[in-house]
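A look at the structure
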Amino acid sequence: MKLPVVAVVGRPNVGKSTFFNRVLGERIAIVEDRPGVTRDRNYARTEWNAREFYLVDTGGMVENSDEPMDRLIRDQVMAAIGEADVLVQIVDGKAGPHPLDYAIAEHLRKTQKPVVLLVNKMDNLGSDTAVGHHDFWDLGIGEPQPVSSLSGKGSGDVLDQIVWALPEGTEAEEEALRVAVIGRPNVGKSSFVNRLLGEERLVVSDVAGTTRDAIDTPMKYHGRTFMFVDTAGLRRQSRIDEGVEFYSAIRTERAIDRADVCVLILDATMPIAVQDLKIAEKAWGSGKGLIIIANKWDLVEKETMTAPRYEKDIRERAPYLQWVPILFTSARTGQRVNRALELILEVQQQRQRRVATHEVNDVLRSLVGRTKPPTFAGHSIRFLYGTQVATEPPTFVFWVNIPEGVTESYQRYLMNGFRAAWGFNGAPIVIRLRRREDTEARRPRQGKPHAPDEVEDDGVEVAYVRGDGPGGREDEFEVEEMDDEDIEFGTDFDDEEDEA
């Protein structure tokens, strides 16, 4: 069964996003002391007293406004109210009751759903003078609950009230596959997500920069839970000067770090830009799966081989793009949009793929036999053994007698060989080279006796790391301890030549 939904609503600038962040224990929503910062519905999974639920942050609701953005935000708030199991109305305890508070409370009463009235900004909570929250009884939606979202005072009592109001019979969902939708401003990211979801879940406007936050939106597809993260458009660093836009860029980069797969949206009516490549590098260099969506394909004038030429132009811009799936879609018409869901699942499967050790060494032996590594300072470079040590992204460790002597071009040759053998389309590969001292301690060949319980140091140390992204991965992976049985006799590929 799906998790219950708790929607946080209220007029602008009463502290909804601050409360949202307080409950989650981290700064997920952008907070700034001016109205209109939050525009979309922002979903986050959380729990309290062993009860899990989705908490939804919404934009400030303004009644009877002629501003297009206010109307779009109001539509999002009303959609959140309709979807929620429990409603939380937040009001400003310092300002007192406001006409908009009464209008919103009237909407909530009509739903006949449980409502928790939260009086925020009660920073003096606990003192004898902290009685301002009683003024909000007039709203007629229940007992006002005082809280200070900024300091956290009273938040535990409010969460107790929310959990008490949750419907019974719900159970935990599986962990969602996180998909970050990234790209430059105004390329159609929100429209693409809306088309996938089959509803206007995100605010869409012709004005660039409509999406400010990284907006989490769950959906189900073939029994699998997806969490789509619509992000703010990333512009060149020199053009980011507004406070909200600065934090939007930070949220977008964090959304990439938290994602499993990134979907890069391009405007197919325009040539691929340098900024598009930089955004792709952020995702690929972070070890995330990557899919490229050429959006607005319905607006492109078609000629013979139009799509192949566009795809060729993309792939020629960076070597790693040879392995990234490209899909031509139109969020406006829905053309091939659902195919993106299948591609996301396929790319995630590639990120999770594990290759057996004997297959790794068979392919490595074949590649080294076909093209031997160059010598280093007059010494032959020998690959002793290889294994896959991690997934997401697929990570391989190879023991080499001189790791620093393996050139970048030879590593690219090995990566191309691995992809020819196993694919890994849409998933970056990480290769780590480690040193093994070539001495008489090589037990499988020399047969040097040792006590059964004796633990011997195999002399392995980290020497060199490279991934096939632009810059590789710098973090360390733990490698399982290997004993004598793990070191295969036949993987010292150059021994026959040395003995001859």
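Attention here is on the structure that accompanies the text. For clarity, every value in this text was computed on a predicted model and none was experimentally measured. (Residues numbered from 1 in each chain as written. Predicted model: local features only at pLDDT ≥ 70, side-chain atom pairs only at ≥ 80, totals over all residues. Heavy atoms only, no water.)

1. Concerning the side chain of S286
Mapped onto the elements of the fold, S286 is located in the loop between helix 7 (274–285) and strand 11 (289–295). Reaching out from S286, the side chain makes a polar contact with the backbone oxygen of K282 at a distance of 2.6 Å. (Helix = DSSP H or I, 4+ residues; strand = E, 2+ residues; numbered from the N terminus. Polar contact = N/O pair within 3.5 Å; in protein donor to acceptor, adjacent residues only side chain to side chain.)

2. Remarks on the packing of helix 10 (residues 357–370) against helix 11 (residues 408–422)
Where helix 10 contacts helix 11, the two axes come as close as 10 Å, and the packing angle between them is 130°. Judged on the interaxial angle alone, helix 11 and helix 10 are oblique. Here the hand of the crossing between helix 10 and helix 11 comes out right-handed. Contact residues: helix 10 offers E359, V360, V363, L364, L367, V368 and R370, while helix 11 offers Y410, Y413, L414, G417, F418, A421 and W422. (Axes fitted to C-alpha atoms, helices over the stretch in contact; angles between N-to-C directions. Parallel < 35°, antiparallel > 145°, perpendicular 65-115°, else oblique. Left-handed = near helix turned anticlockwise from the far one by under 90°. Contact = heavy atoms within 4.5 Å.)

3. Overview of the packing of aromatic side chains
Counting across every chain of the model gives 17 aromatic pairs. Ring centres 4.4 Å apart and planes at 50° place the aromatic pair W297 and F328 in the tilted group. One end of the pair, W297, is in the loop between strand 11 and helix 8 (306–315); the other, F328, is in strand 12 (residues 326–328), and 31 residues separate them in sequence. With respect to burial, W297 and F328 carry one shared label: buried. Summarising the aromatic geometry, the rings of F418 and W422 are spaced 5.4 Å apart at their centres and angled 20° between planes, so their arrangement reads as stacked. Highlighted residues: F418 and W422, both in helix 11, separated by four residues, approximately one helical turn. On the accessibility criterion, F418 (0% relative accessible area) is buried. For the cation-ring pair, R353 lies above F424, with the distance from its terminal atom to the ring centre recorded as 5.7 Å. (Phe/Tyr/Trp six-rings, centres within 6.5 Å; stacked < 30°, edge-to-face > 60°. Buried < 20%, exposed > 50% of the residue type's maximum accessible area, 1.4 Å probe, protein only. Lys NZ or Arg CZ within 6 Å of the ring centre and 35° of its normal.)

4. A word on the sheet that holds strand 4 (residues 86–92)
One key point about sheets: their strands pair by backbone hydrogen bonds, in either a parallel or an antiparallel sense. With mixed pairing, the six strands of this open sheet are ordered in space as 2-3-1-4-5-6. In the strand order of this sheet, the two ends are held by strand 2 (42–48) and strand 6 (144–146), each with one partner. When strand polarity is set aside, the average angle formed by the axes of neighbouring strands in this sheet is 30°. Of the pairings in the sheet, the one linking strand 5 (residues 115–120) to strand 6 comprises three bridges and is parallel in character. Residue pairing across strands places L118 opposite Q145, the latter belonging to strand 6. Relative to the sheet, helix 1 (residues 16–24) contacts strand 1 (5–9), strand 2, strand 3 (51–57), strand 4 and strand 5, its axis offset from that of strand 2 by approximately 45°. Contacts from helix 3 (residues 99–111) reach strand 1, strand 4 and strand 5, with the element oriented near 170° to strand 4. (Pairing = 2+ DSSP bridges.)

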